[in-house]
Amino acid sequence: MNYGHALRFGLRLPTDADCEPGQLIEVAGLAERELDLLVIPAGAAGADLEPSTVVSWIAGATVSLGLVLEARPATLHPAMLARAVASLDRLTEGRVALAFHADPAAAGSGTAGPDAALGEAIAVVRELWNVLDRGLGRFTGRFHRLAGAEKAAPAHDVPISVDGQGQDLLRLVGLQADEWSTGCDAVTLTQGNRVVDEAARGAGRDPREIRRRVTIRGGFGERTSRFTGTAADWVNDLLPLVIEHGVGTIVLDTVERDVAAGFASEVAPALRAAADAVLPRGWSGARVRRSAVRARRRPGIDYEGAPPEMAEVVEPGDPAYARLRSGYLRGGAPGIILRAATNEQVTQALAFARRHPGVPLSRRSAGHGVSGRSTNDGGIVIDVSLMNAIEVLDKRTRRVRIGPGARWAEVAAALEPYGWALSSGDYGGVGVGGLATAGGIGYLARGHGLTIDRLRAVEMVLADGSVVRADDSENPDLFWAVRGAGANFGIVTAFEFEADDVGAVAFARLTQDASDLERYLVEWGRAVEDSPRDLTSFVIVAPPRGGRPALAVSRTMVDSSDSETVRARLEPLAAISAMYAQDVVITSYAAVMDNASDDPPVSHGEPVSRSGLLRHVTPEFAAAAARMIRSGAIGWFQLRSVGGAVADVPADATAYAHRDANFSLVVMGGADEVVDRAWAWLSPFLDGLYISFESSLRPERIAAAWPPRTLSRLRELKTVYDPEGVFGDNFALTPAANHPGGGNP
């Protein structure tokens, strides 16, 4: 019988009260060197060391060893156990498993009570771990009840095993468990496998979902019984358990160090070799998805054909799905997430996507984009967040190579020791990939330009799966297009930037009265335009609420550490209106960008944002903006200063062509039609938009993203590099060959 499980070997750890932590760590060290796992027994309540404490000790002293935590349902409420194991999973970075050890006193009692209670305990644990279904945990049973408990999921897949025998318990294993643990009696294994498999099939499960584990005792030396004698004798005893009964995990229960060492160094490798020699080639290579995972699959996706080469394949039923499904501003429910860590894996993921032409395709670096297009509903997401390396290529030229999955806070921290920086937006959690192919309007924009203005080369995977380099001399047309419209042409897997010399900076947070909205906006715009380039300012205006006046919250960076210079730059802004709060510090650019949370996004719904580019904040524009802010149509209004070094770059040098704008505007609201009605008041004053801040994909918005000549050139290049429109998720361009209107949308 072959369930397809690769062999795993482990030790059962003695945890009686006489054991010192040092002794336990020593045993764990032996196991980690040559084995796969360590079982931490539940013991008798109050008599032995507390298992979860032991797991914590050992987790800190090991790196790769799997840790199986045994628990008796009668000694700890399953809700508490679920939270403890979830914490241990995060502590061990995915090395923990949970094993329920049935109460021996209940065996053969003739009552279904203990087994039913165990089944409910497993159900409670799974309910609290299930963050795929949003909301509080709820369960009502004979023995356990959850009346709206906060869920606490592990970060990884935590298998649940059940140890014991008896018909009811074996059926429970087939219905709910991921592993059955028992002794090594052949008759027990034969009968038990039959019951477990029948129960599994009856529940719609594949019996291969359930691993089989046996625990043995033995010694080396004279051959007196099974698991005695030489290592070869042990292998002869164990091989039938693997071949005939499908055992995938073998655990040795011993307190003798020499026996444990012989089992690890001689028996385990010899048994692996013997099994490989007898069983068909690739006998343990197939991965069997749980029925619970398969039940959440979306139609139209060939899940069995997902590339096995990927760093990770995440389906809607996998634990990792909860933290990868959504972006920071958009709730998502993709059908499959393909995580890539190499160019080859990106190519494989893209080939998989091309085999699904009717299925939405999204690409994700960190998932923070305002537009929210890094996720979808029922489609494919190619996630490159694992491609996050930051490497200095040449100190003399300040050349750095950065992966698309790196976040800008990490980039800033890596460059700070060299006295360098790259202007990169205002939030450190943004990924490099999206921002560096769109523009990059950051706190150093007026003095150092857009992020793309420091880009010197890219490596990318094109729609046909080929990997190319693009810079000013190699594929220069593609390099031109990547800087402002990159999402249309491929997946960038590496960026090469020339960083700027940036020392200490001043950063000011000013909260001011904006009761006279029109005047405030005009004065802020004038102060920014009149300021030298070493000042870049962003301002958010909060609508008046509850009878309180509108507030203006500005964030301003001065690329100087000289106090007199900083004072001179900030005084015109501070003088605009009464100050409610202020905070001015001399700090590093990296410290300013260190403002991101590591928590995964849990967004719901769709973002509604509109973007526009503006040459000057005129009284007429300010009046229209004030009308919008006061109308209640939006909840977010931000102006970012551009101009300066951004305008030094010729309009035709990159696909980001609106170089004459001094300001970038973004508003956000709750409904497209409401926001659009208010946006119409501002449209006459705007020329162009910034694609990363725009959620609408209506044809007129695409036409506004690029001037006609730029748009026409982009369409020609789309014909060359993506004629089939594989990349159609982010301001998709129609190839010129399919678009007789030329530069029109």
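Reading guide: rules and limits
Residues numbered from 1 in each chain as written. Predicted model: local features only at pLDDT ≥ 70, side-chain atom pairs only at ≥ 80, totals over all residues. Heavy atoms only, no water. Helix = DSSP H or I, 4+ residues; strand = E, 2+ residues; numbered from the N terminus. Buried < 20%, exposed > 50% of the residue type's maximum accessible area, 1.4 Å probe, protein only. Contact = heavy atoms within 4.5 Å. Areas by Shrake-Rupley, 256 points an atom, 1.4 Å probe, with all protein chains shown as cover. Lys, Arg positive; Asp, Glu negative; His and termini not counted. Charge placed at Lys NZ, Arg CZ, Asp CG, Glu CD. Arc of directions from axis to C-beta. Axes fitted to C-alpha atoms, helices over the stretch in contact; angles between N-to-C directions. Parallel < 35°, antiparallel > 145°, perpendicular 65-115°, else oblique. Left-handed = near helix turned anticlockwise from the far one by under 90°. Pairing = 2+ DSSP bridges. Core = buried A, V, L, I, M, F, W, Y, C linked by side-chain atoms within 4.5 Å. Polar contact = N/O pair within 3.5 Å; in protein donor to acceptor, adjacent residues only side chain to side chain. pLDDT = per-residue confidence, 0-100.

With that out of the way, let us pick up the overall build of the protein chain. In terms of helices and strands, the protein chain carries 23 helices and 28 strands. Projected onto its principal axes, the C-alpha positions of the protein chain cover 95 × 55 × 50 Å. The 745 residues of the protein chain split such that 56% are buried. Pairs at least 24 residues apart make up 73% of the contacts formed inside the protein chain by residues separated by at least 6 positions. For the protein chain, the accessible area works out to roughly 29700 Å², and carbon and sulfur atoms hold 50% of it. In the protein chain, 76 positive and 92 negative side-chain charges are present, and the distance between their average locations comes to 5 Å.

Attention shifts here to helix α21 (residues 672–682). Restricting attention to buried positions, one finds in α21 the residues V675, A678, W679 and L682. The buried side chains of α21 occupy one side of the element, clustering within an arc of 110° when seen end-on. Taken together, the buried residues of α21 touch β26 (608–614), α19 (619–631), β28 (663–669) and α22 (699–705).

Moving on, we come to the packing of helix α7 (residues 231–245) against helix α8 (residues 257–278). Between α7 and α8, the least distance of the axes is 9 Å, while the angle of their chain directions is 50°. Taken together, the axes of α7 and α8 are oblique relative to one another. At the point where α7 passes α8, the crossing takes the right-handed sense. Listed contacts from α8 to A231, W234, V235, L238, L239, V242 and I243 of α7 are V259, F263, E266, V267, A270, L271, A274, A275 and V278.

Of all 10 residues in helix α15 (residues 476–485), eight are buried; the element is thus mostly enclosed. Packing partners of the buried residues in α15 comprise β18 (455–461), β19 (467–471), β20 (491–498) and α23 (708–721).

What follows concerns the sheet that holds β18. With antiparallel pairing, five strands are arranged side by side in an open sheet as β15-β16-β20-β18-β19. The strands lining the two open edges of the sheet, one partner per strand, are β15 (390–394) and β19. Here the average twist between neighbouring strands, direction ignored, is 20°. With six bridges joining them, β18 and β20 adopt antiparallel strand pairing. Note on β20: the bridge partner recorded for V461 is I491. The strands that helix α11 (residues 343–354) touches are β18, β19 and β20; relative to β18, the one it contacts most, it runs at about 50°. Lying on the sheet, α15 is in contact with β18, β19 and β20; it crosses β18 at an angle near 100°.

Bringing the nonpolar core into the picture now. The biggest cluster of nonpolar side chains holds 80 residues, and the ones touching the most others in it are L11, L38, F100, I216, I250 and F263. Here the element with the most residues in this core is α8; it accounts for nine residues. Every residue in contact with L38, bar those within four places of it in the chain, is listed here: L11, L13, V27, A28, A31, I58, L65, G66, L67 and V68. Core analysis: the second largest hydrophobic core is formed by 70 residues, L415, F495, L689 and I691 among them.

Below, the discussion takes up the side chain of R12. Structurally, R12 is set in strand β1 (residues 8–12). Take R12: its relative accessible area is 18%, and that puts it in the buried class. Among the polar contacts listed, one links the side chain of R12 to the side chain of E70, at a separation of 2.7 Å. Those residues within four positions of R12 in sequence are excluded, and the remaining contacts are V39, P41, E70, H101, T215, V251, L252, D253 and T254.

So, on to unusual backbone geometry. Phi at E93 takes a positive value of approximately 55°, unusual for a residue other than glycine. You can call E93 exposed: its relative accessible area is 65%. One non-glycine residue, F731, lies in the positive phi region at around 50°. Relative to the assigned elements, F731 resides in the segment after α23.

Turning to the confidence of the model for the protein chain, a few remarks are in order. With 96% of its residues at a pLDDT of 70 or more, the protein chain has an overall mean of 92. Under a pLDDT of 50 for its full length, residues 106–111 has, in the predicted model, one contact with residues more than four places off or in other chains.

Attention now moves to the sheet that holds strand β22 (residues 505–513). Across the sheet, seven strands lie side by side as β25-β22-β24-β23-β27-β28-β26; this open sheet has antiparallel pairing. The open sheet has two free edges, formed respectively by β25 (579–587) and β26, since each of these has just one partner strand. Here the average twist between neighbouring strands, direction ignored, is 10°. As defined by bridge partners, β22 adjoins strand β24 (residues 551–558) across eight bridges and the pair is classed as antiparallel. Looking across to β24, one finds that F507 is bridged to M557. Along the sheet face, helix α16 (residues 517–530) touches β22, β23 (535–542), β24, β27 (636–641) and β28 and points at about 170° away from the line of β23.

It is worth spelling out the environment of L570 at this point. Structurally, L570 is set in helix α17 (residues 563–574). Judged by relative accessible area, which is 8%, L570 ranks as buried. For the pair L570 and S531, spaced 39 residues apart in sequence, the C-alpha separation works out to 9.2 Å. With residues up to four places along the chain from it excluded, the contact list for L570 reads A508, T556, V558 and V584.

It is worth spelling out the environment of N376 at this point. With respect to the helices and strands, N376 occurs in the loop between β13 (361–364) and β14 (380–383). When its relative accessible area of 7% is taken as the criterion, N376 is described as buried. Once the C-alpha coordinates of N376 and S362 are considered, the two residues, 14 residues apart in sequence, prove to be 6.7 Å apart. If sequence neighbours within four positions are ignored, N376 has contacts with G332, A333, P334, P360, L361, S362 and V381. Only 3.2 Å separates the side chain of N376 from the backbone oxygen of I380, close enough to count as a polar contact.

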